[in-house]
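Commentary on secondary and tertiary structure
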Amino acid sequence: MDEREREKIYSKRVRAGKRTYFFDVKSTRANDYYITITESRRLPQGEGFTYEKQKLFLYKEDFHKFIEALQETVDHAKTELLPDVDFSQFVRPERDEQTDFASELKWE
């Protein structure tokens, strides 16, 4: 088995306009687990596109602190900075991966 296949345990993709976020659970050689959060941005380049990626590694000892700080930050932004925004307007149903892939193909 390829090392990349061995280490990826779970993956969740979140599409957000020109950005895509990947949340992956991976394993180390010692069978320990960590999470990577990757932001991928599609940028125009010539006739096509290029992708810029940023990656964050989150280790098990920090899971609780990370989630707690993220939730506090989102709550602050929503209640203190954007109290009049109806965030339900941004909720979109998940799209089928097969449909997503087909919609990106351009036939000429």
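These figures come from a predicted structure and were not determined experimentally.

Okay, the pattern of salt bridges next. Tallying each qualifying case throughout the model produces 4 salt bridges. The closest approach of N and O atoms between R19 and E39, which form a salt bridge, is 2.5 Å. Placement of the pair is R19 in strand β2 (residues 19-27) and E39 in strand β3 (residues 33-45), with a sequence separation of 20 residues. You can call R19 partly exposed: its relative accessible area is 31%. The partner of D62 in a salt bridge is K65, with the nearest N and O atoms 3.4 Å apart.

Tallied over the full model, the rule gives 3 aromatic pairs. Taking the centre distance of 5.9 Å and the plane angle of 35° together, the rings of Y34 and Y59 count as tilted. Of this pair, Y34 sits in strand β3 while Y59 is found in strand β4 (residues 48-59), placing the two residues 25 residues apart along the sequence. Classification of Y59 as partly exposed rests on a relative accessible area of 40%. Taken together, the ring pairs connect Y34, F57 and Y59 into an aromatic cluster.

In any sheet, the strands associate via hydrogen bonds between backbone groups, in a parallel or an antiparallel arrangement. In space, the 4 strands of this open sheet follow the order β1-β2-β3-β4, with antiparallel pairing throughout. Looking at strand neighbours, the two that pair on one side only are β1 (8-16) and β4, the edges of this open sheet. Neighbour-to-neighbour, the strand axes of the sheet open up by a mean angle of 20°, direction not taken into account. This element, helix α2 (residues 63-81), spans β3 and β4 of the sheet and lies at about 120° to β4.

Turning to the side chain of S40, a few remarks are in order. Turning to its location among the elements, S40 is positioned in strand β3. Judged by relative accessible area, S40 falls into the buried class, the value being 7%. Those residues within four positions of S40 in sequence are excluded, and the remaining contacts are K18, R19, T20, F22, Y51, E52 and K53.

Rules of the game
Residues numbered from 1 in each chain as written. Predicted model: local features only at pLDDT ≥ 70, side-chain atom pairs only at ≥ 80, totals over all residues. Heavy atoms only, no water. Salt bridge = Lys/Arg side-chain N within 4 Å of Asp/Glu carboxyl O. Helix = DSSP H or I, 4+ residues; strand = E, 2+ residues; numbered from the N terminus. Buried < 20%, exposed > 50% of the residue type's maximum accessible area, 1.4 Å probe, protein only. Phe/Tyr/Trp six-rings, centres within 6.5 Å; stacked < 30°, edge-to-face > 60°. Pairing = 2+ DSSP bridges. Axes fitted to C-alpha atoms, helices over the stretch in contact; angles between N-to-C directions. Contact = heavy atoms within 4.5 Å.

In short, the description is geometric, and any link to function would need to be established separately.
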